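The lines below spell out each chain.
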Amino acid sequence: MASSDKMEGTQFFTVAEVAALMRVSKMTVYRLLHSGEMPSVRVGRSFRVPAKAVHDYLDGAYYDVG
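What this report covers is the structure whose coordinates are included nearby. The shown structure was predicted, so the numbers you read here are calculated from the model rather than taken from an experiment.

A few points about the pattern of salt bridges
Here comes step 1: Tallied over the entire structure, the rule returns one salt bridge.
Here comes step 2: Linking D56 and K52 is a salt bridge whose minimum nitrogen-to-oxygen distance equals 2.8 Å. Remark: K52 and D56 occur in helix α4 (residues 51–61); sequence separation between them is four residues, near one turn of the helix.
Here comes step 3: You can call D56 partly exposed: its relative accessible area is 41%.

Below is the structure:
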């Protein structure tokens, strides 16, 4: 499978969209991207985040209190 086949049909979010979805600042999203906690793709000087990466990060962020 070529890498282009793997990305076909993948939805991408901008940093601002991820921040709005997660209800955090854009700086928080940039920190997640730069630390490698959330994968992204560079398009020129901008970042694009695969929707699956956002959902996977949020799934892993849940924890039980109490």
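Next comes the rest of the description.
Comments concerning the environment of V49
Here comes step 1: Its location among the elements puts V49 in strand β3 (residues 46–50).
Here comes step 2: Put simply, V49 and T10 are 39 residues apart on the chain and 10.0 Å apart in space, counted from C-alpha to C-alpha.

As for the packing of helix α2 (residues 15–22) against helix α3 (residues 26–35)
Here comes step 1: One can describe the packing of α2 onto α3 by two numbers: an axis separation of 8 Å at closest approach and a directional angle of 110 degrees. Regarding the angle of α2 to α3, the classification is roughly perpendicular. When α2 is examined against α3, the residues V15, A16, V18, A19 and M22 are found in contact with a partner set consisting of K26, V29, Y30, L32 and L33.
Here comes step 2: Along the lines of polarity and charge, the residues of the contact of α2 with α3 split into nine nonpolar, no polar and one charged.

Calculation rules
- For every chain, the first residue of the written sequence is number 1, and numbering continues from 1 onward in sequence order.
- Totals for whole chains, interfaces and linings use every residue, but because this is a predicted model, local features are given only for residues with pLDDT of at least 70 and side-chain atom pairs only at 80 or more, for both listing and counting.
- Hydrogens and waters are ignored; side-chain quantities use all the structure's heavy atoms.
- Here, a salt bridge means any Lys or Arg side-chain nitrogen found within 4 Å of an Asp or Glu carboxyl oxygen.
- In DSSP terms, a helix is any run of H or I states spanning at least four residues, a strand is any run of E spanning at least two, and both are numbered starting from the N terminus.
- The cut-offs for exposure are 20% and 50% of the maximum accessible area for each residue type, with area from a 1.4 Å probe on protein chains only; residues under the lower value are buried, those over the upper are exposed, and the others partly exposed.
- Axes here refer to lines fitted to C-alpha atoms; in helices the fit is confined to the stretch in contact. Angles between the N-to-C directions go from 0 to 180 degrees.
- Working definition: roughly parallel below 35 degrees, roughly antiparallel above 145 degrees, roughly perpendicular at 65 to 115 degrees, and oblique for all remaining angles.
- Note on contacts: a residue pair qualifies if any of its non-hydrogen atoms lie within 4.5 Å across the two residues.
- Three categories are distinguished: nonpolar for Ala, Val, Leu, Ile, Met, Phe, Trp, Tyr, Cys and Pro, charged for Asp, Glu, Lys and Arg, and polar for the others, with Gly belonging to the last.

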